[in-house]
2 protein chains.
Amino acid sequence: MLMTEMRTHTCNELNAGYIGKEVILCGWVQAIRNLGGMTFIDLRDRYGITQLAFNSETQSELCETAKEFGREWVLQAAGTVAERYSKNKNIPTGDVEIIVSKIHVLSQSEIPPFTIEDESDGGDELRMKYRYLDLRRNPVKKNMLFRHQIAFEIRNYMNNIGFVEIETPFLIKSTPEGARDFVVPSRVNPGEFYALPQSPQTFKQLLMLSGYDRYFQIVKCFRDEDLRTDRQPEFTQIDCEMSFVTQEDVLNTFEGLVKHIFQKVKNIEIPDIERMTYADAMKLYGSDKPDTRFDMRFVELNDRLQHKDFSVFNQAELVIGIVAKDCGNYSRKQLDELVDFVKRPQVGAGGLVYVLCQPDGNYKSSVDKFYDQNDLRKVAEKCHAEEGDLILIMSGKTEKTRSQLSSLRLELGRRLGLQKSGEYKLLWVVDFPLLEWDEETERFYAKHHPFTAPKPEHEALLLTAPREVNANAYDLVINGSEIGGGSIRIHNSAMQQKMFNVLGFSDEEAQKQFGFLLNAFKYGAPPHGGIAFGLDRLCAVLSDLDSIRDFIAFPKNNAARDTMIDSPATISEEQLKELGIEIKN
Amino acid sequence: MLMTEMRTHTCNELNAGYIGKEVILCGWVQAIRNLGGMTFIDLRDRYGITQLAFNSETQSELCETAKEFGREWVLQAAGTVAERYSKNKNIPTGDVEIIVSKIHVLSQSEIPPFTIEDESDGGDELRMKYRYLDLRRNPVKKNMLFRHQIAFEIRNYMNNIGFVEIETPFLIKSTPEGARDFVVPSRVNPGEFYALPQSPQTFKQLLMLSGYDRYFQIVKCFRDEDLRTDRQPEFTQIDCEMSFVTQEDVLNTFEGLVKHIFQKVKNIEIPDIERMTYADAMKLYGSDKPDTRFDMRFVELNDRLQHKDFSVFNQAELVIGIVAKDCGNYSRKQLDELVDFVKRPQVGAGGLVYVLCQPDGNYKSSVDKFYDQNDLRKVAEKCHAEEGDLILIMSGKTEKTRSQLSSLRLELGRRLGLQKSGEYKLLWVVDFPLLEWDEETERFYAKHHPFTAPKPEHEALLLTAPREVNANAYDLVINGSEIGGGSIRIHNSAMQQKMFNVLGFSDEEAQKQFGFLLNAFKYGAPPHGGIAFGLDRLCAVLSDLDSIRDFIAFPKNNAARDTMIDSPATISEEQLKELGIEIKN
């Protein structure tokens, strides 16, 4: 073939304006149709599809050749753009086709293990093993391009407001705090290990100390966790830090970023983001990441339901209810489904009390034995439940009950279609507690991380009443997903040391693990704070998809395994020897 | 202090236009000067310096406070912008100062271990240990901002021409080919390991196979090598790949990128980049990355210098010379220095023959015993050496001699000031051989990597005369540094298998290591090719600096150690146990 370039156009470029032009296209065979005297091939590339046409009368040899092609073969086709007889209004190239004069098979293809279509017949495992074929499918491609666009817009915005992207190291040091580290044995320093960063936290703080003022980085982070459905051992963070700022400065700066992203990639102007304290979020939604696309707030009912004869409520620390609008006509079966839902081990409740607000103004409940119509009316009044509504009530220990009712609330949101796709509700959750107590290990853990500063007005409580100390720590929540979180940091060596002590580090341990940071604080540290967003999650939420895997080109499965390249894998004895390590059976 | 925001301006913003305004600044104490009745502080932030002024008469208390401050303390200062008595024309804020009304010490600082000045008194090791302080220095800060700008401009350009940035995984699989891998033990899959990528090579090829057409990524890569002066175990690559392209397409595309970078970050319009074959580069400069800022090409002198009585030349495979312009007056001492230079173990030559072209038209050489004036004149003529020039001649085995003379050529370039700072000479070196023979292991290695395609017209030679096979492989060289390299890839399973065989892989080994790629090629692979640039090196070359460490925020030393965080380090017994590995003593 005498072609000086491999292609003149892509498969999404040609339209009626090109009729009569000689062109060369390259791409994959999406479909072949033999219609009597004509053979048509849909040629696909990244950009779109163009129809190739072969006439069996005028080009019998070419047409015979074309009939042998299979799906996913790679072709280079030269020909003339012609008007199509039967136009396809669904694609930009639908008015034309190429009357092929020369064709060159660049690669043949075996029959793919699943169909390369928007809806594939391949199961999850098969598509992961052949991820390179799965990535050809439009929905997956769309996700990859979407992710690129978001990352690009983030960098644009951050650069424009003076943030500098600085790369922090990947081979760092293992620390016992937080999740498990992935470690990397050092060959040059036998017996010693690097760790892969769970986040660039300490490095970005050092950069503030170095005076960089506004830092960001879109960067891979690593956590060796037992994987739940939607975790990945490696994930991408939009990591940001600023100096000489208050919480207000940080929230405003990143509210600007979030608005920019929505505007650029979704063409949505979002209003100023509401704020809610952690305490309110827990009280009203039982969650620090409430889905505020729908209301259904918790109502505390201790005053209405205790001191009667129902011992379950009487013994409970907290009795709370939610109203399911217009569900007062739920059948026994529907109610039983809800009871079953809360009894699932993932939710773990003992049961559920319902009150049906009937159209006739009467109430029907699962606890009619203990409460009369008047009692139930008072409950309904406090809940602002109206005729035709359903009240669902749970009770027990405060934290546990809130969490269980939160699960039920989200389940109802799903059942009632209240989590509308394409609708976005954003929320800053603020004033997180600094610490959380762990019953099992009987110690405090940092709620955010050990570098978060207590609110200045709570500093004095740190040693006397640690549970009451709040932090200028904040999360960004979109549609019930935590998209980002951050805090104002400690910038003082003594306070950092005190924090490590509260977390149970001895001075020696603190010095061994974080000596460089404690030391750095001695040389003039600016007040600073920051935030980190999960890029994978952000992409998923903005696309109304549940799984972050959909936005990762080559994800790992729930066993942290890449089934495509078959990794992890054994390494050679020689490698182990060089590294000075042995496998222990 | 009643301040609603931490600062109103940065330390580089204020000028005469702000006189009379109330402002708040934050920053570090760069210097304190007590001049009779006045105390002045230079307050520094990322952006610049502003002078704070304290009058001992009108603000005696404040002035006394300020006298206690030390270098690198962090201050918040409120006051009024005033015209300066003695102006400083060297800085944008030099016309004004702040008459401070309130001052707040945000952090004190111990005396830094070295001076935070453009020229520091700290040695390399000390500055690395306290890298967070070193990063405060202007020259280092300038480098970090420069790197950010380059990366940002690259992304802009690539996005504009339709390249998609796609993140490839960091936890991949170890392969025996190429440099040593860093490995990561898997806890979930005991006895198995991930490897950190030396480059995303196979993943970017899979993305081409998936139809992404134009991919790029600015990405960290890892090599566990014994470090030379200017290598880092982790480094950053601008990794690119394109489908349906010829070498010409790739070179033109990235020539566009390089021109864009020069234009944006150096304000230099570079002309079209010259091309030279690998064979010519070796013949004319003895190097595949010649510094073409100066000429000094090799001249082959076998025909002029052999067949006389000088056995060293007679026995040599190659006799080559270079001309050092206007060095015909070199003293014995200067010539001896050059001889000593080539005898250094790093160069490894046995000696050096010189011919001084004297002003009177006569020649004086170290081999006058063997060659008469006429012989030497013929040498000078072939070298185009003129009166007053110096000819330097080496001989021996072809490859070795070229490499040695190349070292001498670069040394002369340095001595004669021919490697001009601020001048940039770019070169595409093309037509690299596909393979190179390793004497020690007695096998072929891929010159570029095992995925590089032989030139189509050389394919037939692959099994019969592998040394003669060239590839469409190319390097970008700037001022004698290899900045990038790439090739047109194999896109066919059978050819890839054949290549693995030539490299000594059994079919089983090839399948075990690269089965996913060989398999992927069976489902319609497009012709593709790409390139990868070293971002660290690019930054260094564009800044006329030698070391890539200057452009890495937190580099490792030559023992692959981060002395700041003291990593690598031991990990706990518990961690080792969880990972199922043991340290072998």
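Residues numbered from 1 in each chain as written. Chains lettered and ligands numbered in written order. Predicted model: local features only at pLDDT ≥ 70, side-chain atom pairs only at ≥ 80, totals over all residues. Heavy atoms only, no water.

When its secondary structure is counted, chain A shows 16 helices and 23 strands. Overall size of chain A, expressed as C-alpha extent along the three principal axes, is 95 × 75 × 55 Å. The buried share of chain A, reckoned over its 585 residues, is 58%. Counting only contacts in chain A whose residues sit at least 6 apart along the sequence, the fraction spanning at least 24 positions is 65%. About 24,500 Å² of surface is accessible on chain A, with carbon and sulfur atoms providing 46% of the total. (Helix = DSSP H or I, 4+ residues; strand = E, 2+ residues; numbered from the N terminus. Buried < 20%, exposed > 50% of the residue type's maximum accessible area, 1.4 Å probe, protein only. Contact = heavy atoms within 4.5 Å. Areas by Shrake-Rupley, 256 points an atom, 1.4 Å probe, with all protein chains shown as cover.)

Listed as interface residues are 119 residues of chain B and, on the opposing side, 119 residues of chain A. Together, the buried faces of chain B and chain A total about 10,700 Å²; carbon and sulfur atoms form 58% of this surface. The interface formed by chain B and chain A includes 14 salt bridges. Taking the shortest distance from any N to any O, the salt bridge between Asp-213 of chain B and Arg-7 of chain A comes out at 2.9 Å. For the pair chain B and chain A, the interface holds 65 residue pairs in polar contact (both at pLDDT 80 or more). Looking at the side of chain B that touches chain A, the element that brings in the most residues is helix α4 (residues 138-160) of chain B, giving ten residues. Of the residues in the side of chain B that touches chain A, the class split is 63 nonpolar, 25 polar and 31 charged. Two strands pair when backbone bridges link them, and strand β23 (residues 581-583) of chain A and strand β23 (residues 581-583) of chain B are joined in this way by three bridges, in the antiparallel orientation. Residue pairing across strands places Glu-582 of chain A opposite Glu-582 of chain B, the latter belonging to β23 of chain B. (Buried area = accessible area lost by both parts, 1.4 Å probe. Salt bridge = Lys/Arg side-chain N within 4 Å of Asp/Glu carboxyl O. Polar contact = N/O pair within 3.5 Å; in protein donor to acceptor, adjacent residues only side chain to side chain. Nonpolar A, V, L, I, M, F, W, Y, C, P; charged D, E, K, R; others polar. Pairing = 2+ DSSP bridges.)

Counting across every chain of the model gives 49 aromatic pairs over all chains. Seen in terms of ring centroids, Phe-203 of chain A and Phe-554 of chain B are 5.0 Å apart; in terms of plane orientation they differ by 65 degrees. Their pairing is edge-to-face. You can see Phe-203 of chain A sitting in helix α5 (residues 201-209) and its partner Phe-554 of chain B sitting in the loop between α15 (535-542) and α16 (573-579), one on each of two chains. Like Phe-554 of chain B, Phe-203 of chain A is buried. (Phe/Tyr/Trp six-rings, centres within 6.5 Å; stacked < 30°, edge-to-face > 60°.)

Our focus in this paragraph is the environment of Ser-403 of chain B. By the secondary structure assignment, Ser-403 of chain B is in helix α12 (residues 398-415). Between the alpha carbons of Ser-403 of chain B and Lys-102 of chain B there is a distance of 66 Å; along the sequence they are 301 residues apart.

With that out of the way, let us pick up the sheet that holds strand β2 (residues 38-44) of chain A. Residue and element names in this part refer to chain A. The five strands lie next to each other as β1-β2-β3-β5-β4, forming a closed barrel whose pairing is mixed. Within this sheet the neighbouring strands show an average axis-to-axis angle of 55 degrees, counted without direction. In terms of strand pairing, strand β3 (residues 49-55) meets strand β5 (residues 96-107) through three bridges, oriented parallel. Note on β5: the bridge partner recorded for Ala-53 is Ile-99. Contacting β1 (22-35), β2, β3 and β5, helix α1 (residues 60-67) runs over the sheet at an angle of about 130 degrees to β3. (Axes fitted to C-alpha atoms, helices over the stretch in contact; angles between N-to-C directions.)

With that settled, consider the relation of the copies chain B and chain A. For the pair chain B and chain A, the superposition axis carries a translation of 0.0 Å, the fit reaches an RMSD of 0.0 Å, and the rotation angle comes to 180 degrees. Between the two chains, the operation in question is that of a two-fold axis. When you check the interface residues of chain B against chain A, 100% turn up at the interface there too, and the contact is symmetric in its surfaces. (Least-squares fit on C-alpha atoms with pLDDT ≥ 70 in both.)

For the rest of this paragraph, the subject is the sheet that holds strand β3 (residues 49-55) of chain B. Sheet strands line up and pair through hydrogen bonds in the backbone, either parallel or antiparallel. Residue and element names in this part refer to chain B. Read around the closed barrel, five strands run β1-β2-β3-β5-β4, paired in mixed fashion. Neighbour-to-neighbour, the strand axes of the sheet open up by a mean angle of 55 degrees, direction not taken into account. In this sheet, strand β4 (residues 74-83) lies alongside strand β1 (residues 22-35) in antiparallel orientation, the contact comprising seven bridges. Residue pairing across strands places Val-23 opposite Gly-79, the latter belonging to β4. Contacts from helix α1 (residues 60-67) reach β1, β2 (38-44), β3 and β5 (96-107), with the element oriented near 130 degrees to β3.

A word on the state of the cysteines. All names here are of chain A. Tallied over the full model, the rule gives zero disulfides over all chains. Cys-11 supplies the cysteine sulfur nearest to Cys-26, a cysteine that is in no disulfide, at a spacing of 8.0 Å. Cys-357 takes part in no disulfide bond, and the closest cysteine sulfur to it belongs to Cys-383, at a distance of 8.2 Å. Overall, the relative accessible area of 2% leaves Cys-357 in the buried class. (Disulfide = S-S within 2.5 Å.)

All names here are of chain A. Most of β2 sits out of view: six of its seven residues are buried. As paired elements, β1 and β2 share seven bridges and run antiparallel to each other. Counted as the bridge partner of Asn-34 is Thr-39 from β2. Turn length for the β1-β2 hairpin, with the two strands adjacent in sequence and antiparallel, is two residues, and the turn residue Gly-36 shows positive phi of about 55 degrees. The sheet contact formed by β2 and β3 spans seven bridges and is antiparallel. Paired with Leu-43 across the strands is Thr-50, a residue of β3. Counting the residues that bridge the hairpin from β2 to β3 gives four residues.

Here we come to the packing of helix α5 (residues 201-209) of chain B against helix α14 (residues 507-520) of chain B. Residues and elements named next belong to chain B. One can describe the packing of α5 onto α14 by two numbers: an axis separation of 10 Å at closest approach and a directional angle of 20 degrees. Classified by the interaxial angle, the pair formed by α5 and α14 is roughly parallel. Read as a crossing pair, α5 and α14 show a hand that is left-handed. Within the contact between the two elements, α5 uses Thr-202, Leu-206 and Leu-209 and α14 uses Phe-514, Phe-516, Leu-517 and Ala-520. Considering only residue class, the contact of α5 with α14 consists of six nonpolar, one polar and no charged. (Parallel < 35°, antiparallel > 145°, perpendicular 65-115°, else oblique. Left-handed = near helix turned anticlockwise from the far one by under 90°.)

Moving on: the pattern of salt bridges. Residue and element names in this part refer to chain B. With the rule as written, the count across this model stands at 96 salt bridges over all chains. The closest approach of N and O atoms between Glu-411 and Arg-414, which form a salt bridge, is 3.3 Å. Within this pair, Glu-411 and its partner Arg-414 are both found in helix α12, separated by three residues, close to a single helical turn. Its relative accessible area of 12% is what places Glu-411 among the buried residues. The residue Arg-415 makes a salt bridge to Glu-411 at a minimum N-O spacing of 2.8 Å.

Take the domain arrangement of chain A next. Domain boundaries in chain A define domain 1 (16-107), domain 2 (141-276 + 427-551) and domain 3 (294-418). On a C-alpha basis, the centres of domain 1 of chain A and domain 3 of chain A stand 63 Å from each other. (Domains from an automatic or database assignment.)

With that settled, the discussion passes to the environment of Ser-547 of chain A. Residue and element names in this part refer to chain A. Within the element layout of this structure, Ser-547 appears in the loop between α15 (535-542) and α16 (573-579). Remark: the alpha-carbon pair of Ser-547 and Ser-210, spanning 337 residues in sequence, is separated by 38 Å. Discounting chain neighbours no more than four positions away, the residues touching Ser-547 are Asp-230 and Ala-540. A distance of 3.0 Å separates the side chain of Ser-547 from the backbone nitrogen of Arg-549, its partner in a polar contact.

Let's shift gears to the environment of Leu-135 of chain A. In this fold, Leu-135 of chain A is placed in the loop between α3 (131-134) and α4 (138-160). Put simply, Leu-135 of chain A and Ala-553 of chain A are 418 residues apart on the chain and 7.4 Å apart in space, counted from C-alpha to C-alpha. Filtering out sequence-adjacent residues up to four positions away, Leu-135 of chain A remains in contact with Val-140, Lys-141, Met-144, Ala-553 and Phe-554 of chain A together with Leu-207, Ser-210 and Tyr-212 of chain B.

The next point concerns the packing of helix α13 (residues 493-502) of chain A against helix α14 (residues 507-520) of chain A. Residue and element names in this part refer to chain A. Two numbers describe how α13 lies on α14: the axes approach to 11 Å, and their chain directions differ by 145 degrees. Here α13 runs over α14; the crossing is right-handed. The segment α13 lies against α14, with Ser-493, Gln-496, Gln-497, Phe-500 and Asn-501 engaging Asp-507, Ala-510, Phe-514 and Leu-518. Of the residues belonging to the contact of α13 with α14, the class tally is four nonpolar, four polar and one charged.

Our focus in this paragraph is the pairing of strand β10 (residues 234-243) of chain A. All names here are of chain A. Most of β10 sits inside the fold, with ten of its ten residues counted as buried. Judged by which residues are buried, β10 turns out to be covered on both faces: Glu-234, Thr-236, Ile-238, Cys-240 and Met-242 on one side and Phe-235, Gln-237, Asp-239, Glu-241 and Ser-243 on the other are all buried. With nine bridges joining them, strand β9 (residues 214-222) and β10 adopt antiparallel strand pairing. Among the inter-strand pairings, Ile-218 is bridged to a residue of β10, identified as Ile-238. Relative to strand β22 (residues 528-534), β10 runs antiparallel, the two being bridged by seven bridges. When the bridges of β22 are listed, Met-242 appears paired with Gly-529.

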